[in-house]
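# Structural overview
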Amino acid sequence: MNSRSGGIENRVRQWQYQFKQMMPGRGPLVLAVLVLVGVGAWTAYYTVPSDSVAVVQRFGKYLAEVPPGLHFKLPLGIDAATIVPVKRQLKQEFGFATPGATDPYQIPRESQQETQMVTGDLNAALVEWVVQYRISDPAKFLFHVREPRLILRDVSESVMREVVGDRTVDEVITIGPGRKSKRKR
């Protein structure tokens, strides 16, 4: 093992010597340029998964949407690619969390507070539900609404509270808040 590491050390020393001979006095500058080129090459490509599109921005301004696959962009933060899952059905869970769920967009909240509701006959009910959605326009999703997932949660909770508030506790338990009862009002 020592002979092998000694061979590697000798080889590195030879390369250093040859490098110093090629660029006398300019070694640090050439090394800095090589590091910059390496970082630029590393940040110039990205891969878009098959269920997504990427929204490319140049200096923060919308540039284009690109399809799945391997793509290249201007490096070093000039272009930024945000990957948006447009073919995947996403979901928000209210009142519970699925163990091992892989949705990075699920916003954790106080599950007790969001499930406690008052019915139309002034009884208390604990209601759990799931909202499933799909992103149809990535540019609008990213740029036209501030924190769209949080707004989706707030609107869903508001609608569910309104629906449960219009029903009796018996209707909430037996029929469910999402279905209309045949009772006339």
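That block above? That's the structure.
Everything in this summary refers to the structure shown in the same document. (Residues numbered from 1 in each chain as written. Predicted model: local features only at pLDDT ≥ 70, side-chain atom pairs only at ≥ 80, totals over all residues. Heavy atoms only, no water.)

## A few points about the packing of aromatic side chains
Here is the rule we go by: Between 30 and 60 degrees the pair is tilted, below 30 it is stacked and above 60 it is edge-to-face, where a pair is any two Phe, Tyr or Trp rings, Trp via its six-membered ring, whose centres lie within 6.5 Å. Helix and strand definitions follow DSSP, with helices as H or I runs of at least four residues and strands as E runs of at least two, each counted in order from the N terminus. With a 1.4 Å probe rolled over the protein chains alone, any residue whose accessible area is under 20% of its type maximum counts as buried; one over 50% counts as exposed, and the rest are partly exposed.
Tallied over the full model, the rule gives three aromatic pairs. Seen from their ring centres, Y62 and F143 are 6.2 Å apart, and the 75 degrees between their planes marks the pair as edge-to-face. Here Y62 is found in strand β3 (residues 61–66), whereas its partner F143 is found in helix α4 (residues 138–143), with 81 residues between them in sequence. Y62 gets classed as partly exposed once you look at its relative accessible area, which sits at 38%.

## What about the pairing of strand β9 (residues 129–133)?
This is how it is decided: Between any two strands, at least two bridges found by DSSP are needed for them to pair.
Alternating positions in β9 separate cleanly, W129, V131 and Y133 being buried on one face and V130 and Q132 remaining unburied on the opposite face. Pairing of strand β6 (residues 90–94) with β9, which is carried by five bridges, proceeds in the antiparallel orientation. Within β9, the residue paired with F94 across the bridge is W129.

## Focus: the sheet that holds strand β5 (residues 79–85)
What counts, and what does not: Here, axes are lines fitted to C-alpha atoms. For helices the fit covers the stretch in contact, and angles between N-to-C directions go from 0 to 180 degrees.
The strand order across the open sheet built from three strands is β3-β2-β5, with neighbouring strands paired in antiparallel fashion. Both outer strands of the open sheet, β3 and β5, are each paired with one neighbouring strand and no more. For this sheet, the mean angle separating the axes of adjacent strands, direction not counted, is 25 degrees. Pairing of strand β2 (residues 52–58) with β5, which is carried by seven bridges, proceeds in the antiparallel orientation. Within β5, the residue paired with Q57 across the bridge is A80.

Worth remembering: the numbers are spatial, not functional.
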